[in-house]
Amino acid sequence: MRRFLRPGHDPVRERLKRDLFQFNKTVEHGFPHQPSALGYSPFLRLMAIGTRSGAIKLYGAPGVEFMGLHEENNTVMQIHFIPDQCQLVTLLDDNSLHLWSLKQHGGASELREEHRFTLKGPPGSPPSATQVTAVLPHSSREVLYLGTESGSIFVLELPSFRVLEDRTISPEAVLQRISEDNCNRRSCELVEALREHPKNPDQILIGYSRGLIVLWDLRAGRSFVWLSFQQLENLYWQRDGSKFISCHYDGSYTQWPVSSDNRQPEPLENTVPYGPFPCKAISKIYWQTTKNGLPYIIFQGGMPRASYGDRHSISVIHGSQQTAFDFTSRVIDFFIIFSSDPAAEFDDPSALVVLAEEELVVIDLKSAGWPAVHPPYLASLHCSAITCSHHVSNIPLKLWERIISAGSKQNIHYSSMPWPIDGGTNIAPDPPQRDLLLTGHEDGTVRFWDASGVCLHLLYKLSTVRVFLTDADPNDNMNTLGEDEWPPLRKVGTFDPYSDDPRLGIQKIYLCKYSGYLAVAGTAGQVLVMELNDEDAEHVVDHAEADLLQDQEGYRWKGHEKLKTRDGPVRFEAGFQPFVLVQCQPPAVVTSLALHSEWKLVAFGTSHGFGLFDHQQKRLVFVKCTLHPSDQLALEGPLSRVKSLKKSLRQSFRRIRRSRVSSRKRSCWCKGEVDALQEMELAPVQRKIEARSAEDSFTGFVRTLYFADTFLRDSSRHCPSLWAGTNGGTVYAFCLRVPPAERRMDEPVRAEQAKEIQLMHRAPVVGILVLDGRSTPLPEPLEVAHDLSKSPDMQGSHQLLVVSEEQFKVFTLPKVSSKLKLKLTALEGCRVRKVTVANFGSCKTDDYSENDLAVLTNLGDIQIISLPFLKLQIRYPCIRKEDVSGIASCVFTKYGQGFYLISPSEFERFSLSTKWLVEPRCIVEMPEVTSNNHVHNKSGTENGKILFGKSFFSSSLLERKSGRLMEHALLNDESE
């Protein structure tokens, strides 16, 4: 049997790999990209959102999430839940209809596409004859009414989607039943709205685009007709069915009474809320009754065209109260949450739910002032563009509570109302630990997200703007209009894509979870060190400058200027407050950052060099210039719009010329070596790595910084050290002398360069790691002091792992002699983009875990490589190689999970571990509808429970493997 095994094949290791590694894409965090449709089921209390890419997502109570995808990838135009059913219908822009059902399968539920259908007209008919414009699921749950551009209304049988041709309501049939005064063929073109009578299911209200409104009796064949002289946009029934409301293109709405005879009644009232000047169309309206007699009138649009034509608004009128909620992105749709009990006499609305193009906003209609409700999910991650991200696992409870406390003080303006979309029940086990995802943004803010479970929830927002002088005053109120202004606009939502100054953008974040120190670095060379304060405070932020060029002659910075700082004390809110600012000169983008909270040191790097700062003594320790004499591009800066085309062309020709010269030189020995090389059996995972020139651009770009307590000078004494890797394949190592705690403020930290390693292939260094005597990565600062890690082995010899884009290489310390290396595959130019150490635990036993390298390449695949022997364990395709921004945004966690942006507003979460898996798991209890339409709880399917949590699409789409939920024991926390 052994002869059939591949060399190096170990069955025991293969079984162990299956227990350790498994790839799953588990959940999408954030706000759906390019939403296009909204639906809501009062019966299930679930909301559905459709997107332009054909995705459909269902949301209920926090943790209740579900997703499906249309094969066609067309835009979802409309979503309609079937009354009192776990079914919904979607209409796509290709005019196809799709029926989706929630059904149990194997202990979990599926969102399954049951049927698809495209309405077709007779041969030779124009497309408009069957172009669906309005959809009405009938309360009988047996049929679906489809209004079309031609004015015809087709009836489809559910769930088969069979057309009931004998029940079609044609324009001709409608015209036969109305008076000659209203008899105009064009009056019955394009059905804008279909509404079922709230008290009589045999009657439906038909609204045509040109203003004709018909109440059609399905049984008697009778009709009542109303005619408006304005283009119709939408219709809405009042709860008792005695009136309905029509809204129009000219910004008006009209109340119409419903009489029992055939005469055409006059409208009760025609209102132009923001007249008398020309106004935008009112595209949708609600008329909600209340116990106090004053209705809520809620409508979209209607603002004066001349002054507010570019505003996206929804107005709420209740008696003398009137507010026009102003959104910063286009409103897609909205709905009202109100009493769904048919026996209730009044609507009594409780919440307004608005789907805008870039965020979901919920307004509490029960509380005074109509405040917004803080959403537990669907966060607008891109309220300002995301520029970087940083993940911290297993946050100590004390730090977690302090961050939440700081965030709660920021949320005092939000409503205390419970989340109103609360269908289903989350049955997933509580997350075993507290995880933070920090995102840096273009406007200079850092947002702290609870990434422990399915819902990515905002805990706290930090702004660095107060430290600097910008065009906008941080105390400015976004609602610039006074109380007496008209229209009464009020800005809502958090989406604000405009930055006061692009130099404020956050580029690097590093949080120490044990000490509470936070370092953030930005686009203009600013590095801020902060500490957590539970109270508001006012203090002076100390400044220091780091000249990375060290006064070298011949260099002139052509990029942006540094940010101007505020003089004197600055007031900061409770939370992370900066106490020192280090300004790099030139003020280039900070490309790398490291913080050692035990030594009270912060290291930073740019395209010009790197420096070390003592944030306890507030003193610069040293700077090192890494700029190559030929590297002029590094002096232009990312915001410089002028690039030297001549220089770029000159460099290209030089490379070509060099390659030709080197080819001629090689030709002398190539012929003799070819035969020998052909006889060599090259490993399929390796390739020849071509050396790069030192003259290539940005060789001094500092890619990574790393602190380590290791053997750098000799094997008998270890000392603190700082390591830096550059884009040109150079690794610098500095010995540090950190005074003991009792003399820490009296003696300076000293640094001396001890090593300089130049990789022969000059590929960019993307990672540096030191392994102790047990070949285990060194613990994080303060991790041993908090009893969360074993002390590193300082008896055996240490090893240095240098990860470049091209290869992994292990050196012995302190001699720095090459010991082991692994080259990447030659297929399609594979290069390392991200690398981190991850701990993988076995799903079969809690007694075994191991540290491995998780590696993301430029091809979008993830490789797991063992430590310390650098053996490739497994490879998974994760991100499309064309998705450059997704690859650049990827961040790994300490326990084998990861996040990357699939759009500007969404993170895809994935897991590489069998043990650590976060995905939705929930149930929905099926209410029973009795004969009198009262809703009760009943076991509909398997005791009335529908299990949510997995994404099952149609059979041609990839199904995710199921995996165990996060069942890892909670790691030791700080003793409280």
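Placed above this text is the structure.
Note that the coordinates shown come from a computational prediction; the quantities given were computed from them, not determined experimentally.

Points about the overall build of the protein chain
In terms of regular secondary structure, the protein chain is built from six helices and 64 strands. Classification of the 976 residues of the protein chain by burial places 55% in the buried group. For the protein chain, the proportion of contacts with a sequence separation of at least 24, taken over those separated by at least 6, is 59%. Total accessible area computed for the protein chain in this model is approximately 43500 Å², and 48% of it derives from carbon and sulfur atoms.

With respect to the pairing of strand 15 (residues 203–208)
Within strand 15, six of the six residues are buried, leaving the element largely enclosed by the surrounding structure. By the alternation rule, side chains of strand 15 split into Gln203, Leu205 and Gly207 and Ile204, Ile206 and Tyr208, which are all buried. As defined by bridge partners, strand 14 (residues 191–196) adjoins strand 15 across five bridges and the pair is classed as antiparallel. Looking across to strand 15, one finds that Leu194 is bridged to Ile206. Hairpin connection from strand 14 to strand 15: six residues lie between these consecutive antiparallel strands. Pairing of strand 15 with strand 16 (residues 212–217) involves five bridges; the strand directions are antiparallel. Of the residues in strand 16, the one forming a bridge with Ile204 is Trp216.

What about the environment of His29?
Take His29: it is sitting in strand 1 (residues 21–30). For His29, a relative accessible area of 2% corresponds to the buried category. The spatial distance from the C-alpha of His29 to the C-alpha of Ile902 is 9.9 Å, given a sequence separation of 873 residues. Not counting residues within four places of it along the chain, the set of residues in contact with His29 comprises Leu381, Gly453, Val454, Cys455, Leu456, Phe899, Ser905, Glu906, Phe907 and Arg909. A distance of 3.0 Å separates a polar side-chain atom of His29 from the backbone oxygen of Val454. A distance of 3.2 Å separates the side chain of His29 from the side chain of Arg909, its partner in a polar contact.

Some words on the sheet that holds strand 1
Read across the open sheet, the four strands follow the order 1-60-59-58; overall the sheet is antiparallel. Where the open sheet ends on each side, the last strands, each with one partner, are strand 1 and strand 58 (891–892). Taken together, the two bridges between strand 58 and strand 59 (residues 897–903) define a ladder with antiparallel strand orientation. When the sheet's bridge partners are listed, Val891 is paired in strand 59 with Phe899. In this fold helix 1 (residues 11–20) packs onto strand 1 and strand 60 (906–913), with an angle of close to 15° to the strand it touches most, strand 1.

Quick look at the pattern of salt bridges
One pass over the structure, following the stated rule, counts 36 salt bridges. Ionic pairing is found between Arg330 and Glu357, a salt bridge with its closest N-O pair at 3.2 Å. Here Arg330, found in the loop between strand 25 (321–327) and strand 26 (331–337), pairs with Glu357, found in the loop between strand 27 (351–356) and strand 28 (360–364); they are 27 residues apart in sequence, far enough to count as distant. In this structure, Arg831 engages Glu805 in a salt bridge whose closest nitrogen and oxygen atoms are separated by 3.9 Å. Of this pair, Arg831 sits in the loop between strand 53 (818–823) and strand 54 (832–841) while Glu805 sits in the loop between strand 51 (799–804) and strand 52 (807–812), placing them 26 residues apart in sequence.

Describing the side chain of Ser36
For Ser36, the position within the fold is in strand 2 (residues 35–41). Among the polar contacts made by the side chain of Ser36, one reaches the main-chain carbonyl oxygen of Val76 at a distance of 2.6 Å. The contact partners of Ser36, leaving out residues within four places of it in the chain, are Gly50, Thr51, Arg52, Thr75, Val76, Met77 and Ile332.

Some points on the environment of Arg177
Within the fold, Arg177 resides in the loop between helix 2 (171–176) and strand 14. Spatially, the C-alpha atoms of Arg177 and Trp216 are 9.8 Å apart, while their sequence positions differ by 39 residues. Setting aside anything within four residues of it in sequence, one finds Arg177 in contact with Trp216, Gly221 and Ser223.

Remarks on empty space enclosed by the protein
To find the voids left in a structure, one rolls a probe of water-molecule size over its atoms. This model, assessed by the stated rule, comprises two cavities of 30 Å³ or more. One number sums up the size of the largest cavity: a volume of about 70 Å³. Taken together, Glu28, His29, Gly30, Tyr59, Glu65, Tyr377, Leu378, Ala379, Val454, Cys455 and Leu456 make up the lining of the largest cavity. In terms of residue count, the dominant contributor to the lining of the largest cavity is strand 1 (three residues). Residues belonging to the lining of the largest cavity are distributed by class as follows: seven nonpolar, two polar and two charged.

What to know about the nonpolar core
Within soluble globular proteins, side chains that are nonpolar tend to cluster in buried spots. Formed by 55 residues in total, the largest nonpolar core has its most connected members in Met47, Ile298, Phe335, Leu352, Leu360 and Ile363. In terms of residue count, the dominant contributor to this core is strand 26 (six residues). The residues contacting Met47, other than those within four sequence positions of it, are Leu38, Gly39, Tyr40, Lys57, Leu58, Tyr59, Phe335, Val353, Leu360, Leu378 and Ile421. In terms of nonpolar packing, the next biggest core, distinct from the first, is built from 36 residues, Cys735, Leu769, Leu853 and Leu867 among them.

Structural notes on the environment of Thr439
Along the chain, Thr439 falls in strand 31 (residues 436–441). Separated by 69 residues in the primary sequence, Thr439 and Lys508 have C-alpha atoms spaced 9.4 Å apart. With sequence-adjacent residues up to four places away left out, Thr439 is seen in contact with Ile386, Cys388, Ser389, Thr445, Val446, Arg447, Trp449, Ile509 and Phe907.

Remarks on the packing of aromatic side chains
On inspection of all chains with the given rule, the structure shows 29 aromatic pairs. Ring centres 6.1 Å apart and planes at 40° place the aromatic pair Tyr253 and Phe299 in the tilted group. Highlighted residues: Tyr253 in strand 20 (residues 253–257) and Phe299 in strand 23 (residues 296–301), separated in sequence by 46 residues. Phe299 matches Tyr253 in its accessibility class, with the two residues each being buried. Ring geometry for Tyr296 versus Trp370: centroids 6.2 Å apart, planes at 50°, classification tilted. Of this pair, Tyr296 sits in strand 23 while Trp370 sits in the loop between strand 28 and strand 29 (386–392), placing them 74 residues apart in sequence.

Describing the sheet that holds strand 54
Taken together, the four strands give an open sheet; going across it, the order is 54-55-56-57, and neighbouring strands pair in antiparallel fashion. With partners counted over all chains shown, the strands left at the sheet margins are strand 54 and strand 57 (872–877), one partner each. If you compare each strand with its neighbour and ignore which way they point, the axes differ by 25° on average. In this structure, strand 54 lies alongside strand 55 (residues 849–857), joined through nine bridges in antiparallel fashion. Opposite Thr836, over in strand 55, you have Ala854 as the bridge partner.

Criteria and cut-off values
- Residues numbered from 1 in each chain as written.
- Predicted model: local features only at pLDDT ≥ 70, side-chain atom pairs only at ≥ 80, totals over all residues.
- Heavy atoms only, no water.
- Helix = DSSP H or I, 4+ residues; strand = E, 2+ residues; numbered from the N terminus.
- Buried < 20%, exposed > 50% of the residue type's maximum accessible area, 1.4 Å probe, protein only.
- Contact = heavy atoms within 4.5 Å.
- Areas by Shrake-Rupley, 256 points an atom, 1.4 Å probe, with all protein chains shown as cover.
- Pairing = 2+ DSSP bridges.
- Polar contact = N/O pair within 3.5 Å; in protein donor to acceptor, adjacent residues only side chain to side chain.
- Axes fitted to C-alpha atoms, helices over the stretch in contact; angles between N-to-C directions.
- Salt bridge = Lys/Arg side-chain N within 4 Å of Asp/Glu carboxyl O.
- 1 Å grid on protein atoms, 1.4 Å probe; cavity = no way out; pocket = protein on both sides within 12 Å on 5 of 7 lines; lining within 4 Å.
- Points joined across faces, edges and corners; volume = space filled by probe spheres on them.
- Nonpolar A, V, L, I, M, F, W, Y, C, P; charged D, E, K, R; others polar.
- Core = buried A, V, L, I, M, F, W, Y, C linked by side-chain atoms within 4.5 Å.
- Phe/Tyr/Trp six-rings, centres within 6.5 Å; stacked < 30°, edge-to-face > 60°.

In short, geometric facts, not functional conclusions.
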